[in-house]
Amino acid sequence: MNRLPSVRIAAVAFACLSLAACGSYVAHPSGWTSTGTSSWSKGGQTYSQTSSAFAGSITDLASQERVDLILGNKGATYDRTDPYPDCPGLGGLMRFLQKTAKPPVAILAAFVVGNSTATVITYMRPVSQAPA
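1. Regarding the confidence of the model for the chain
The predicted model of the chain has a mean per-residue pLDDT of 79, with 75% of residues at 70 or higher. Mean pLDDT across the secondary structure elements of the chain bottoms out at helix α1 (residues 6–16), with 44, and peaks at helix α2 (residues 58–72), with 93. Within the model, the stretch residues 1–21 combines pLDDT values under 50 with 54 contacts to residues more than four positions away or in other chains.

This is the structure in structure tokens:
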């Protein structure tokens, strides 16, 4: 499997997907256009945030999000999960590649569990396009 360009994508994810001290509120990215409740787009890239009650562990959330992303994005393949540095033991950043999309898409999902709440932020962009 092709590895996603980790350093560049992680830098964008941590900047764009800041989880505000591991809480459930995330400000929208500056300069992006709202496309609905808690979702934005800019130049073919999308960013969305969801928060919901969650009684499970970080492992439970990681498993759930991995399955949801693969089932919700036909042809997406899992690359890897890294710990979310601002939330040791409470969050992670998953990477996926959807080669079957036209054009192929990189998908990142940052997730945290805290105070019985799961927050998931998803960032998608064409692989050939530089992060916004």
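2. A few points about the environment of Lys42
With respect to the secondary-structure elements, Lys42 resides in strand β2 (residues 39–42). Separated by 11 residues in the primary sequence, Lys42 and Gly31 place their C-alpha atoms 7.7 Å from one another.

3. A closer look at the packing of aromatic side chains
For the coordinates displayed, the defined rule picks out 4 aromatic pairs. Ring geometry for Tyr78 against Phe96: centres 5.6 Å apart, planes inclined by 65 degrees, an arrangement best described as edge-to-face. Residue Tyr78 is found in strand β4 (residues 76–83), and its partner Phe96 is found in strand β5 (residues 91–98); the two are separated by 18 residues along the sequence. Chaining the aromatic ring pairs together yields one cluster made of Trp32, Trp40, Tyr47 and Tyr123. Sitting over the face of the ring of Tyr78, Arg66 holds its NZ or CZ atom 3.6 Å from the ring centroid.

4. Concerning the sheet that holds strand β6 (residues 105–114)
The strand order β1-β2-β3-β7-β6-β5-β4 describes an open sheet built from 7 strands, whose pairing is antiparallel. What marks the edges here is a single partner per strand, and that holds for β1 (33–36) and β4. In this sheet, neighbouring strand axes are inclined to one another by 20 degrees on average, regardless of whether the strands run parallel or antiparallel. Where β5 and β6 come together, 8 bridges link them in antiparallel fashion. Following the sheet pairing, Gln98 is matched in β6 by Val105.

The rules we used
- Each chain has its residues counted from 1, running along the sequence as written.
- Reporting of local features is limited, given that this is a predicted model, to residues whose pLDDT is at least 70; pairs of side-chain atoms are given and counted only at 80 or more, and all residues count toward the totals for whole chains, interfaces and linings.
- With hydrogens and water stripped out, all remaining heavy atoms of the structure feed into the side-chain values.
- Summary of the metric used: pLDDT quantifies the predictor's per-residue confidence within the range 0 to 100.
- Runs of H or I in DSSP of at least four residues are treated as helices and runs of E of at least two as strands, each being numbered from the N terminus.
- Any pair of residues with heavy atoms lying within 4.5 Å of one another is described as a contacting pair.
- Aromatic rings from Phe, Tyr and Trp, with only the six-membered ring used for Trp, were paired whenever their centres fell within 6.5 Å, and each pair was classed as stacked if the ring planes differed by under 30 degrees, edge-to-face if by over 60, and tilted otherwise.
- Either the NZ atom of lysine or the CZ atom of arginine qualifies as a charge over a ring when it sits within 6 Å of the ring centre and within 35 degrees of the ring normal.
- We treat two strands as partners when DSSP finds at least two bridges between them.
- Geometry is summarised by axes, namely lines fitted to C-alpha atoms with helices restricted to the contacting stretch, and by angles between N-to-C directions that run from 0 to 180 degrees.

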